[in-house]
Amino acid sequence: MTETTPRPRKSWGQNFLIDHNIQRKILDAAEVQPGERIVEIGPGRGILTKGLLERGAELLAVEIDPLLVAALRQEISSPHFNLIQEDALHYPYHRIPSPYKVVANLPYYLSTPLLFRLLEERERISRMVLMLQREVAERLVSPVGGKNYGVLSVMVQLYAEVRIGFHVSRGCFRPRPDVDSSVIVLTPLPRPRVPVKDEALFGRIVRGAFGHRRKRLANALADAGFQRTAAEAALQKIGIDPARRGETLSLGEFALLADTLFD
Ligand code: SAM
């Protein structure tokens, strides 16, 4: 990019990666095969974009900023590069032929909703390599009992194998962000890690249980709109003390609770 490159827009989370060692590590984690379909969200000034194309990707990139889109179009001309100006949260991913990988340095302000959006498409995605705020990455991988264990941990671990590839310091970006980052590698599972009869109900229970972290589970569920007597009866039936707090329940226990309430 040149002197005329647009100024970074904070509202769109524009912290551009400038470290080529980190670029290489992200591309290595993606294990791009020649001709493989890759979706990049927020190509920005194109550091990952160029690397992905060099490694032979068939690349679709979705960028919201029209100025960056114009600059990228001027700089990269390749029959293997399709750049769309759109909000990635509303992009119709189901139209992309499956399978594909997602490689992205996500804008922080949108990383959690985008993650949930991409998880909805998991059956078509073979791998995601995502740069996230470190704190979010730590929530994704947290085991039950961990200090970062929460809705994100349970929901992501239900549907995917996830690990932190490596951490990235703020000095690797311009402008420098206020937080550290981590690159995660997420591989969707062929089916949920534990069987669940009603996944929407499972999600409601998990959100309810973590909605009031300090409350007894039965109270938190009642606050989330479940009938207290039904919640207490279900908990008793499966041998979970209603006085426990939601954050102490494992994925398997949440599934058991959801199935019992479903029945
Ligand atoms: N990939 C580039 C890099 O690594 O340097 C840029 C990463 S920057 C953290 C996030 C990028 O996402 C920016 O280019 C920003 O304009 C773009 N972006 C922000 N919100 C977006 C949205 N809703 N849809 C698509 N792109 C978005």
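See the structure printed just above.
Residues numbered from 1 in each chain as written. Predicted model: local features only at pLDDT ≥ 70, side-chain atom pairs only at ≥ 80, totals over all residues. Heavy atoms only, no water.

Undergrad: Could you give me a rundown of the site of the ligand, with the residues and numbers involved?
TA: Taken together, 23 residues surround the ligand, and among them L17, G42, E63, A88 and Y109 come closest. Between the ligand and Q14 there is a distance of 2.8 Å, counted from an oxygen atom to a side-chain nitrogen or oxygen. When the ligand is considered free in solution it has 590 Å² of accessible area, and contact with the protein chains removes 99% of it. The cavity that encloses the ligand is the largest pocket. Those elements that place two or more of their residues in the shell around the ligand are β1 (16-17) and β3 (58-63). Taken together, the residues of the shell around the ligand break down into 13 nonpolar, 6 polar and 4 charged. (Near = heavy atom within 4 Å. Polar contact = N/O pair within 3.5 Å; in protein donor to acceptor, adjacent residues only side chain to side chain. Areas by Shrake-Rupley, 256 points an atom, 1.4 Å probe, with all protein chains shown as cover. 1 Å grid on protein atoms, 1.4 Å probe; cavity = no way out; pocket = protein on both sides within 12 Å on 5 of 7 lines; lining within 4 Å. Sits in = over half its atoms within 2 Å of the grid points. Helix = DSSP H or I, 4+ residues; strand = E, 2+ residues; numbered from the N terminus. Nonpolar A, V, L, I, M, F, W, Y, C, P; charged D, E, K, R; others polar.)

Undergrad: Which residues make up the layout of surface pockets, and what values do they have?
TA: Its volume calculated, the largest pocket comes out at about 530 Å³. Lining the largest pocket are 36 residues, with F16, G42, P43, G44 and R45 sitting closest to its centre. Of all the elements in the fold, those that place two or more residues in the lining of the largest pocket are β1, α1 (20-30), β2 (37-41), α2 (47-54) and β3. Looking at which element gives the most residues to the lining of the largest pocket, the answer is α2, with 5 residues. Residue composition of the lining of the largest pocket, by class: 18 nonpolar, 10 polar and 8 charged. (Points joined across faces, edges and corners; volume = space filled by probe spheres on them.)

Undergrad: Lay out the packing of helix α4 (residues 111-120) against helix α6 (residues 151-159) with the relevant residues and their values.
TA: Describing two packed helices takes the angle between their axes plus the distance from one axis to the other. At a minimum axis separation of 11 Å, α4 and α6 run at an interaxial angle of 25°. Here α6 runs roughly parallel to α4, going by the angle between their axes. In this structure, the crossing between α4 and α6 has a hand that is left-handed. Of the residues in α6, those touching α4 at T112, F116 and L119 are L152, M155, V156 and Y159. Looking at the contact of α4 with α6 residue by residue, the class counts come to 6 nonpolar, 1 polar and no charged. (Axes fitted to C-alpha atoms, helices over the stretch in contact; angles between N-to-C directions. Parallel < 35°, antiparallel > 145°, perpendicular 65-115°, else oblique. Left-handed = near helix turned anticlockwise from the far one by under 90°. Contact = heavy atoms within 4.5 Å.)

So yeah, pure geometry; function would need other evidence.
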